[in-house]
Amino acid sequence: MSDTPRYFLIVAHTGRADSVEAASTVCRQLLAAGAVPVLAIDERADLLAACPELNGHIAILGDTVRTAELELVIVLGGDGTILRSAELVRGCSAPLLGINLGHVGFLAESERDDLGEAVRRALKGDYEVEERLALSVRVKVADEVVYETWALNEVTVEKASRERMIEVVVEIDGRPLSSFGCDGVVLSTPTGSTAYSFSAGGPIVWPGVEALLLVPLSAHALFARPLVVGPESSLAVEVLSRTGARAVLCADGRRTHDLPQGSRVIARRSSVPVRLARLHIGPFTDRLVNKFNLPVTGWRGPVGRE
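Residues numbered from 1 in each chain as written. Predicted model: local features only at pLDDT ≥ 70, side-chain atom pairs only at ≥ 80, totals over all residues. Heavy atoms only, no water.

### What about the overall build of the protein?
Right, on to step 1. The helix and strand inventory of the protein stands at six helices and 20 strands.
Right, on to step 2. If one aligns the C-alpha atoms of the protein with their principal axes, the spans along those axes are about 65 × 55 × 35 Å.
Right, on to step 3. Counting all 306 residues of the protein, 49% fall into the buried class.
Right, on to step 4. Here the protein displays about 15,100 Å² of accessible surface, and carbon together with sulfur accounts for 49% of that area. (Helix = DSSP H or I, 4+ residues; strand = E, 2+ residues; numbered from the N terminus. Buried < 20%, exposed > 50% of the residue type's maximum accessible area, 1.4 Å probe, protein only. Areas by Shrake-Rupley, 256 points an atom, 1.4 Å probe, with all protein chains shown as cover.)

Here it is in structure tokens:
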């Protein structure tokens, strides 16, 4: 057996009692297997306040353990916690294994009732890694890059106040497509097609399809339909000064940046995907049916392949 420590990062919403309980269960299971649980410093403090017997057994991310040393990230929560985890370990090779403690939990791989089995398989390395396309985003003002970020789900350009819509020009591959007033524009990945883009009326895109989406929000225009383009395309949104309205950029609902008039937001495929650990490899159709509780009563489909 190798003497090299195995580090597993646990990310949980430690402000909730059920998340603290789940995190303590995972820590104990990892320790019993000879692995080292790792937590961010604030979450570690919250967990030790509830479970002082774990003191001295949990490493601190960024202090005693670097992200590059992580084998796996075990995420206890819903999609928001998974997005936070992806931000926390951005650029490292450790995949994210989501255990749903939230509501829909579309990105999660397992449910709370299967927690012990999920950790057992994680320890055995019994999972497959799926790479999800992410966005690389730049904000330019007068040809100067003033802000850069990334997104797994989407980046939005939205009005900053309720009373005024913004005016934008949208561009595909360096060519202008249309100008309109709107509440905003969503630039999405296939992963994000079941998130904000979905709520705005955008299409659902299967994760295996490499594409970028552009979905206008409450646009005042005849031609303002959701668009799906190739993965190597670039999407851009320019904020015009016609209404005097302020705009804001938001990435994955977590990172924001104020956009002055004249700002130009460019989104492309990132060279760094997000890696997800998969325990159950099955049709995406089944995930849609299960997560959205879609009615399929009466289906008389094929028993085998057609």
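### Description of the UniProt feature "active site" (unreviewed entry) in the protein
Right, on to step 1. What UniProt calls "active site" (unreviewed entry) maps, in this numbering, to Asp79.
Right, on to step 2. Overall, Asp79 belongs to the partly exposed group, its relative accessible area being 23%. (UniProt positions renumbered as here; feature names shortened; annotations may be inferred.)

### Some thoughts on the side chain of Ser233
Right, on to step 1. The topology assignment puts Ser233 in the loop between β15 (227–229) and β16 (235–239).
Right, on to step 2. In this structure the side chain of Ser233 is engaged in a polar contact, spanning 3.1 Å, whose partner is the side chain of Asp173.
Right, on to step 3. Residues within four places of Ser233 in sequence aside, it is in contact with Asp173, Leu212, Ala267 and Arg268. (Polar contact = N/O pair within 3.5 Å; in protein donor to acceptor, adjacent residues only side chain to side chain. Contact = heavy atoms within 4.5 Å.)

### Points about the sheet that holds β16
Right, on to step 1. Taking strand neighbours across the sheet as the criterion, the six strands line up as β9-β8-β19-β16-β11-β12 in an open arrangement whose pairing is antiparallel. Two strands close off the open sheet at either side, each with one partner strand: β9 (144–151) and β12 (175–182). Neighbour-to-neighbour, the strand axes of this sheet turn through a mean angle of 20°, independent of strand direction.
Right, on to step 2. Note: strand β8 (residues 135–141) against β9, seven bridges, orientation antiparallel. Along β9, the bridge assignment pairs Ser136 with Trp150. (Pairing = 2+ DSSP bridges. Axes fitted to C-alpha atoms, helices over the stretch in contact; angles between N-to-C directions.)

### Observations concerning the nonpolar core
Right, on to step 1. Counting residues in each nonpolar core, the largest one holds 31 residues, and the members touching the most others are Val157, Val168, Val185, Leu187, Leu214, Leu249 and Leu259.
Right, on to step 2. The biggest single contributor to this core is strand β11 (residues 166–172), with four residues.
Right, on to step 3. Among the nonpolar cores identified, the runner-up in size contains 30 residues, and Ile10, Ala22, Val119 and Tyr127 belong to it. (Core = buried A, V, L, I, M, F, W, Y, C linked by side-chain atoms within 4.5 Å.)

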